[in-house]
Amino acid sequence: MRMLEVLIVGGGVTGAAAAYALARRGRRVLLLEQFAIGHARGSSHGLSRLIGFAYPQRYYTQLAIAARQAWLDLEADTGQRLLIKTGVLDIGATSVPSLHACAVNLAAAGVPFEQLSAAELRARFPQLAITDQTIGLYQPDGGMLPASRCVATLIEQARRYGATIAVGVRVDRIMPDGSGVRVDAAGATYRAQRMVMAAGSYTPVLLRSLGISFPLLVTREQVAFFLARDRVLSKAGYLPVIVDHSDGREPSLICFPDLGEGVKAERHGVGPLVHDPYEPPPPPDPAENERIARRLEQTLPGFASRLVRAETCRYTHTPDGDFLIDRHPEYGQIAIAVPCAGHGFKFAPLIGEILADLAVQGTTPYDIAPFRLDRLRKQKAVALA
Ligand SMILES: Cc1cc2nc3c(=O)[nH]c(=O)nc-3n(C[C@H](O)[C@H](O)[C@H](O)COP(=O)(O)OP(=O)(O)OC[C@H]3O[C@@H](n4cnc5c(N)ncnc54)[C@H](O)[C@@H]3O)c2cc1C
């Protein structure tokens, strides 16, 4: 049995980014993915993910700035264009406190942005239904990431740097073994000095195999694609990515410009619980398509003219909504990342670097204090909605 330097479990965007970061540093890496790269039973598939900077917590704004640079570095390394710069516009009622906190953080971090009044929003984005009580935060450097293509690019580049990527190999058991790990997967046993667990919604199952249980909850979220009455106004260049926080009481609506399949829209974090991640996802719920369409029509009248298709994807929630990125408290040779509650994609290449730091050096220069495992031991599981 060959001793590997680092074994990574999971070939979603987080595991792919960790494989890329580690292989680029010259480490001997094996990544095991139970399905195919780009499969639809996790969180990383699909046409698009938002990359923006507006967060009420300063640490996410700062990480998002560093993550954007990491995507640009990946573009330079691969010669591929990944970041589609459409701008991101957060809108909501002037009474929503988190929008004001976002504006303070954007200004403090030096992120280019404009705070727009209702009149300015109407003039700049005539597609939007804007009440007199609405404000907007427009971030010109934000945009979209083509999700499945980003994962494929990270995997391909990790391979170029020497990583081995094995698909269709499910890890059944993880056993700490001295200062390393032993892993049983698809009838074979692997030994590695270090392990990175990037298993998304399957993390609770894997943690159980280590005899640990943390309060993580998984939900199934739905996105739907619609053709607008006037397709020109729904294209990138005319329409930024919109995050409508509304009055702050109902779930946010996120909509993406039409890249050819229609405008993509989703209600953030409203999906039902997934009790067993191995249960095949049921087909998208037509009632949720209607709820998304109604909400989209309120924000962008005429944009939900025709439903094209819908798909589902998973959120993994910690009780406080913050990511989980840390070394295992008892087995420091295992680094874990669950950056999943509906906004982790944009950070992936940076989280890959952090995981590489944790796996190789045991520490990282990035501030991961809000993401430590210890805090979860004291908390109870709650879903976002
Ligand atoms: C509807 C939706 C919209 C989103 N929108 C945004 C957005 O606009 N912006 C943004 O930044 N983020 C967004 N996100 C969040 C983002 O997509 C996730 O944070 C990210 O994809 C998580 O990736 P991951 O690699 O950690 O998990 P996953 O993609 O779930 O990958 C985990 C992988 O591990 C594999 N695995 C698990 N267990 C095993 C095992 N035992 N053996 C082998 N392999 C295993 C799984 O098969 C899977 O491929 C959204 C998520 C969803 C669902």
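As a reminder, the structure under discussion sits directly above these lines.
Scoring rules and cut-offs
- Residues numbered from 1 in each chain as written.
- Predicted model: local features only at pLDDT ≥ 70, side-chain atom pairs only at ≥ 80, totals over all residues.
- Heavy atoms only, no water.
- Helix = DSSP H or I, 4+ residues; strand = E, 2+ residues; numbered from the N terminus.
- Contact = heavy atoms within 4.5 Å.
- Buried < 20%, exposed > 50% of the residue type's maximum accessible area, 1.4 Å probe, protein only.
- Axes fitted to C-alpha atoms, helices over the stretch in contact; angles between N-to-C directions.
- Parallel < 35°, antiparallel > 145°, perpendicular 65-115°, else oblique.
- Left-handed = near helix turned anticlockwise from the far one by under 90°.
- Nonpolar A, V, L, I, M, F, W, Y, C, P; charged D, E, K, R; others polar.

Draft legend 1. The arrangement of the environment of Ile336 in detail. With respect to the helices and strands, the residue Ile336 is situated in strand β18 (residues 334-338). Distance in space between the C-alpha atoms of Ile336 and Thr203 is 8.9 Å, their sequence separation being 133 residues. Apart from residues no more than four positions distant in its own chain, Ile336 is found in contact with Met197, Thr203, Leu207, Leu324, Ile325, Asp326, His328, Leu355 and Leu373.

Draft legend 2. Spatial organisation of unusual backbone geometry. In this model, Ala186 sits at a positive phi of 45 degrees, which is unusual for a non-glycine residue. Tracing the backbone shows Ala186 in the loop between β10 (180-185) and β11 (188-197). Given the relative accessible area of 55%, Ala186 is considered exposed. With a phi close to 55 degrees, Ser246 is a non-glycine residue in the positive phi region. Locating Ser246 in the fold gives a position in the loop between β13 (241-244) and β14 (253-256).

Draft legend 3. Molecular detail of the packing of helix α2 (residues 58-78) against helix α3 (residues 97-109). One way to put it is that α2 packs onto α3 with a least axis distance of 9 Å and a crossing angle of 45 degrees. The orientation of α2 with respect to α3, classified from their angle, is oblique. The two elements α2 and α3 meet at a crossing, and its hand is right-handed. Across from Arg58, Thr61 and Ile65 in α2, the residues of α3 making contact are Val104, Asn105, Leu106, Ala108 and Ala109. Classifying every residue of the contact of α2 with α3 gives five nonpolar, two polar and one charged.

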